[in-house]
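Examining the three-dimensional arrangement
Chain by chain, the residues run as shown.
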Amino acid sequence: MVLFAGKALNQRLAVLHKYNIPEWVTEGLLFSVAIGLVYLFSGIKVDFDLTARDILLVYFFTVIGLNAHVGDLARGGRPPAILLAVTVAFMPVANVVLSARRGQASVPEGAAPEFEG
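The structure contained in this document is the topic of the report that follows. (Residues numbered from 1 in each chain as written. Predicted model: local features only at pLDDT ≥ 70, side-chain atom pairs only at ≥ 80, totals over all residues. Heavy atoms only, no water.)

1. Points about the packing of helix α1 (residues 2-12) against helix α3 (residues 23-42)
Heads up, the condition is: What counts as an axis is a line fitted to C-alpha atoms, over the stretch in contact for a helix, and the angles between N-to-C directions run from 0 to 180 degrees. Counting from the N terminus, the helices are the DSSP runs of H or I reaching at least four residues and the strands are the DSSP runs of E reaching at least two. Should an angle lie under 35 degrees it is considered roughly parallel, over 145 roughly antiparallel, and from 65 to 115 roughly perpendicular; all remaining angles are considered oblique. Note on convention: near helix rotated counterclockwise from far helix by under a right angle means a left-handed crossing. Clockwise means right-handed. Residues are treated as being in contact if the distance between any of their heavy atoms lies within 4.5 Å. Gly falls in the polar group here, along with every residue not listed as nonpolar (Ala, Val, Leu, Ile, Met, Phe, Trp, Tyr, Cys, Pro) or charged (Asp, Glu, Lys, Arg).
α3 packs onto α1 with a crossing angle of 120° between their chain directions and a minimal axis gap of 8 Å. Between α1 and α3, the crossing angle belongs to the class labelled oblique. Every pair of crossing elements has a handedness; the one defined by α1 and α3 is right-handed. Residues V2, L3, A5, G6, K7, L9 and N10 of α1 form the contact with α3, whose participating residues are E23, T26, E27, L30 and F31. In the contact of α1 with α3, the residues fall into six nonpolar, three polar and three charged.

Structural data, given as structure tokens:
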């Protein structure tokens, strides 16, 4: 229902069309507001099972990477090169933080963020 409502809203509200707000953004906001209202008025907390999220995110970003072309990066000049350098530089940092989160690396006390769960 949320998918159809989001699509209908994007078609009917000129401001969403004018600023190129994607339908999936409208749908996500509608769903978030609906779940928030359910919690606000009934106290029912909705939890989601996120076990498949990580692997689906890997698939998603892999597909985005497969659609990238080296020629596009070269034509972009300096900004894409900086973005690439920063991304590559932070890959080891992300690995250390995630490993510390899982208890697989020795990281100085207080150097890794604390996570609940």
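2. Some remarks on the side chain of N10
Which entries qualify depends on this criterion: Buried residues are those whose accessible area, probed at 1.4 Å on protein chains only, stays under 20% of the maximum for their type, while exposed residues exceed 50% and partly exposed ones sit between those limits. Polar contacts, as used here, are pairs of N or O atoms within 3.5 Å; protein pairs need one atom able to donate a hydrogen and one able to accept it. Residues neighboring in sequence count only if both atoms are side-chain atoms.
Its location among the elements puts N10 in helix α1. Using a relative accessible area of 10% as the deciding quantity, one classes N10 as buried. Engagement of the side chain of N10 in a polar contact is seen with the backbone oxygen of I21, the distance being 2.7 Å. Once residues within four sequence positions are removed from consideration, N10 is found in contact with L16, H17, I21, P22, E23 and T26.

3. A closer look at the pattern of salt bridges
Let me state the cut-off plainly: The salt bridge definition used is simple: a Lys or Arg side-chain nitrogen within 4 Å of an Asp or Glu carboxyl oxygen.
Counting across every chain of the model gives one salt bridge. Of the charged contacts in the structure, one is a salt bridge between R53 and D54, with a shortest N-O distance of 3.5 Å. On the basis of relative accessible area, R53 is assigned to the partly exposed category, the value being 43%. D54 gets classed as partly exposed once you look at its relative accessible area, which sits at 44%.

4. Quick word on the environment of N10
For N10 and W24, which are 14 residues apart along the polypeptide, the C-alpha to C-alpha distance reads 9.7 Å. In terms of polar contacts, N10 uses its side chain to reach the side chain of T26, at 2.5 Å.

5. A closer look at a nonpolar patch on the surface
Applicable threshold: Patch building starts from residues that exceed 30% relative accessible area and form no salt bridge, then joins like charges within 9 Å and nonpolar side chains (Val, Leu, Ile, Met, Phe, Trp, Tyr) within 5 Å. Areas reported here follow the Shrake-Rupley algorithm with a probe of radius 1.4 Å; residue values treat only the protein chains shown as occluding.
A surface patch of nonpolar side chains, about 520 Å² in accessible area, is lined by F31, V38, I44, V46, F48 and L50. Taking relative accessible area as the criterion, L50 reaches 46% and is therefore assigned partly exposed.

6. What about unusual backbone geometry?
The phi torsion at N20 lies on the positive side, around 55°, for a residue other than glycine. With respect to the helices and strands, the residue N20 is situated in the loop between α2 (14-18) and α3. Residue N20 is classed as exposed on the basis of its relative accessible area, which comes to 63%.

7. A short note on the packing of aromatic side chains
Threshold: Two aromatic rings, drawn from Phe, Tyr or Trp (for Trp, its six-membered ring), form a pair once their centres lie within 6.5 Å of each other, and the interplanar angle then sorts them: stacked below 30 degrees, edge-to-face above 60, tilted otherwise.
Across all of its chains, the model carries two aromatic pairs by this definition. Ring geometry for F31 versus F48: centroids 6.0 Å apart, planes at 50°, classification tilted. With F31 in helix α3 and F48 in the loop between α3 and α4 (53-66), this residue pair connects regions lying 17 residues apart in the sequence. Arranged with centres 4.9 Å apart and planes meeting at 80°, the rings of F60 and F61 form a pair that is edge-to-face. On the basis of relative accessibility, which here comes to 52%, the residue F61 falls in the exposed class.

These values are about where atoms sit, not about what they do.
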